[in-house]
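Coordinate inspection notes
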Amino acid sequence: MTIIGGGHNGLVTAAYLAKSGLKVLVLEGREVVGGGAVTEEIAPGFRVSALDHAAGPFSTEVASDLNLAKFGLQMMTPEVRVLALSPDGRTLAIYNDTARTVSEVKNFSANDAESYPEFVNSFARIGRVLAPLVSMTPPSINRPSKAELWELGKVGLAFRKLGKKDEYRLLRWGPMAVADLVSEWFETELLRATIAARGIYGAFAGPWSAGTSLGLLWQAAMDGSAIGSATYAKGGMGALSAALADAAKKAGAEIRTRAAVSAITGADTDAPKVILEGGEEIESRVVVSNADPRTTFLELVDPVDLDPNFLSKMRNYRTPGTVAKLNLALDSLPAFRGVDGGDARVKLGGRIHIGPEIDYLERAFDASKYGEFSAEPYLDITIPSLNDPSLAPEGKHVMSIHVQFAPYKLKGDWGTKREELQENVIGLLEKYAPGMRGLIVAQQVITPLDLEQTYGLSGGHIHHGEQSLDQFFTFRPLIGWAQYRTPLKRLYLCGAGTHPGGGLTGLNGANAAREIARDLKAGKV
Ligand SMILES: Cc1cc2nc3c(=O)[nH]c(=O)nc-3n(C[C@H](O)[C@H](O)[C@H](O)COP(=O)(O)OP(=O)(O)OC[C@H]3O[C@@H](n4cnc5c(N)ncnc54)[C@H](O)[C@@H]3O)c2cc1C
């Protein structure tokens, strides 16, 4: 059993399969495992989650199956999910606790404070109905099996129990633009934009794009809330990957780093092989790819091995990257306007949102449609050293900044534009945290091109492909191929380009392992 890629999903698949007694080899192209979940040192003593900065959330079931706590994993959930900053210096904290959030929202609007609990409860109820879908293999479109229909039937039954109001909401919301959804609930722009941001996270879409409410529903299915979670691993996200790698190794898997695969051959025969960049050939009973679908089918597999119809659909699979990262080492905690009280460390402990209005977010997206990065980007920021001081020298901090929109397809060259992007972001941050520039000790800029070239993400797409309605659930990555199997009998997929999509959840890896084990047991491979 050979797994190409040691991203968190590849490691989850490896650990499950090795635990079931199979001989597993993981081949990771980079010098470290983890893919999007890596901790990097950006200056002596300053360590940061270079890409992914808060877990999806990671599946508690997978964590317990693989006993990750025993391998040192410690997850931390701050009290604040997200702190929204306004250019006028006002702030709005969304806590995990609804009552605390309501008292914050009251400062903006009594009507919104009244609506907020029902908004939270409705998404929680709907999330509970959708939750079984995320750990389920999407049913076959053409020939659903009895078991698949049974599982779907159970979801249908739970749906009927929701009651008319939530049933209608669920049916209506999926295809809606998230800007419309939030404006039906709230009148405060800052609150609307903060919630809507989840619908466009990592997407080539603005809040007025159709189908962006799906992101909120999916988040609710993952953790019961429409608003992005802020859960960190102690030691940065690389600690999650390290625990997964240890769990896989303990179960007997072998993990090789600096082992980039250049080709997969014979995957439709009984003797598939992977070929490493140095020319080494490794035979395997089954090959599982944690690389994204475009990399797998358009770069690693020889096109002559694939049906032209499948190939042309894969060429249309969309991966338009829109995210850059800026990671900063800071001499001290920046003073954000409006967050200077004694509770600053609590308030800044979750995600920090800059993107105060729906129109602001839409304008930020507009730029990327025309190959430019936003003059005023949407920023999703974390300061993980507040919750985990081990990440920076005493009294100092690291800041991780998700910058959207920064298009992979840029007018001009990312090589010469990275400083301009960095300057843009720091200039924007100065408006919210005056004096911030003077605190910067070191920085790391990661453009969408870097995401492709260094981290192996086609088109620099953070989720291995858009999570729009046409690339979702039974359509992910392609209609007819959403069950982790591929047209090549002995080749499987296990990464974020499969259901349930991107995010540090471990679910794709666990679902794929289950399907592979099922095929092995049935003697199909
Ligand atoms: C900038 C950024 C920010 C993000 N922020 C968040 C966040 O805050 N929260 C969240 O939940 N998710 C976030 N994500 C998304 C999350 O990181 C991904 O969904 C997740 O990493 C997918 O995991 P994976 O294991 O499927 O794939 P990956 O993490 O992409 O791992 C794939 C692995 O395969 C390896 N590989 C690829 N090709 C080859 C080859 N030919 N040979 C050998 N190895 C190969 C790669 O090096 C990589 O290690 C972010 C992603 C990025 C890029």
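Provided above is the structure to which this section pertains.
Below you will find a few notes about this structure. All residue numbers refer to positions counted from 1 along the written sequence of the respective chain. Reporting in this predicted model follows two pLDDT cut-offs: at least 70 for local features of residues, and 80 or more for side-chain atom pairs to be given and counted; totals over whole chains, interfaces and linings ignore these cut-offs and use all residues. Values reported for side chains reflect all heavy atoms of the structure, with hydrogen atoms and water molecules removed beforehand.

In this text, near means that some heavy atom of the residue lies within 4 Å of the molecule or strand in question. Residues in close proximity to the ligand total 36 residues, the closest being Glu 28, Gly 36, Ala 54, Gly 503 and Leu 504. Interatomic distance of 3.1 Å between a side-chain N/O atom of His 8 and an oxygen atom of the ligand. Throughout this description, a polar contact denotes any pair of N or O atoms lying within 3.5 Å of each other; where both atoms belong to protein, one of them has to be capable of donating a hydrogen while the other can accept it, and for residues adjacent in sequence the pair is counted only when both atoms sit in side chains. Take Asn 290: an N or O atom from its side chain is 3.2 Å from an oxygen atom of the ligand. Here, Shrake-Rupley sampling with a 1.4 Å probe gives the accessible areas, and only protein chains in the shown set may cover a residue. When isolated, the ligand has an accessible area of 1,000 Å², and the protein chains bury 95% of it. Residues are grouped as follows: Ala, Val, Leu, Ile, Met, Phe, Trp, Tyr, Cys and Pro are nonpolar; Asp, Glu, Lys and Arg are charged; all remaining types, including Gly, are polar. Grouping the amino acids of the shell around the ligand by side-chain chemistry returns 17 nonpolar, 15 polar and four charged.

Note on pairing: DSSP must find at least two bridges between two strands before they are called paired. Only runs of H or I of at least four residues qualify as helices and only runs of E of at least two qualify as strands under DSSP, and these elements are numbered from the N terminus. On the basis of which strands lie adjacent, the open sheet formed by seven strands has the order β7-β6-β15-β16-β17-β14-β18 and mixed pairing. Across the chains shown, the open sheet's two edge strands, defined by having one partner strand only, are β7 (91-95) and β18 (440-446). Averaged over all pairs of adjacent strands, the angle between their axes in this sheet comes to 20°, without regard to strand direction. Think of each axis as a best-fit line through the C-alpha atoms, taken over the contacting stretch in the case of a helix, with angles from 0 to 180 degrees between the N-to-C directions.

The pairing of strand β10 (residues 261-265) with strand β11 (residues 273-276) spans four bridges and is classified as antiparallel. Among the inter-strand pairings, Ala 263 is bridged to a residue of β11, identified as Ile 275. As defined by bridge partners, β11 adjoins strand β12 (residues 281-283) across three bridges and the pair is classed as antiparallel. Paired with Val 274 across the bridge in β12 is Ile 282.

Counting 47 residues, the largest nonpolar core has Phe 336, Ile 354, Leu 379, Met 399, Ile 401 and Leu 429 as the members making the most contacts within it. Considering every element that reaches this core, the biggest residue donor is helix α15 (residues 414-432), with seven residues. We call two residues in contact when some of their heavy atoms are within 4.5 Å. In this structure Leu 429 touches Ile 354, Leu 379, Ile 381, Met 399, Ile 401 and Met 436, once residues within four positions along its chain are discounted. In these notes, a set of buried Ala, Val, Leu, Ile, Met, Phe, Trp, Tyr and Cys residues joined through side-chain atoms within 4.5 Å is what counts as a nonpolar core. Think of it in three bands: with a 1.4 Å probe and only protein chains considered, a residue is buried below 20% of the maximum accessible area for its type, exposed above 50%, and partly exposed in between.

Attention now moves to the pairing of strand β16 (residues 378-382). In terms of residue burial, β16 counts as a mostly covered element, since five of its five residues are buried. Burial of the side chains of β16 extends over both faces: Tyr 378, Asp 380 and Thr 382 are buried on one face and Leu 379 and Ile 381 on the other. Note that strand β15 (residues 351-354) and β16 share three bridges and pair antiparallel. Each residue of the ladder has a partner; that of His 353, found in β16, is Asp 380. Bridging between β16 and strand β17 (residues 397-404) involves five bridges; their strand directions are antiparallel. Bridge assignment links Asp 380 to a residue of β17, and that residue is His 402.

Right, let's talk about the sheet that holds β10 for a bit. An order of β10-β11-β12 is seen for the three strands of this open sheet, with the pairing classed as antiparallel. Only two strands of the sheet have a single partner each, and these edge strands are β10 and β12. Across the sheet, the axes of successive neighbouring strands diverge by a mean angle of 20°, strand direction being ignored.

A negative phi holds for most residues other than glycine; trans holds for most peptide bonds. In this structure, Pro 57 follows Gly 56 across a cis peptide bond, with omega equal to 10°. The residue after Gln 404, namely Phe 405, is reached through a cis peptide bond having omega 25°. Looking at the element boundaries, Phe 405 is found in the loop between β17 and α15. Its identity as a non-glycine residue notwithstanding, Asn 67 has a phi of 55°, on the positive side. Along the polypeptide, Asn 67 turns up in the loop between α2 (60-65) and β5 (75-76). You can call Asn 67 partly exposed: its relative accessible area is 39%. Notably, Phe 473 is not glycine yet its phi reads approximately 50°, a positive angle. One can find Phe 473 in the loop between α16 (448-453) and β19 (491-493). When its relative accessible area of 18% is taken as the criterion, Phe 473 is described as buried.

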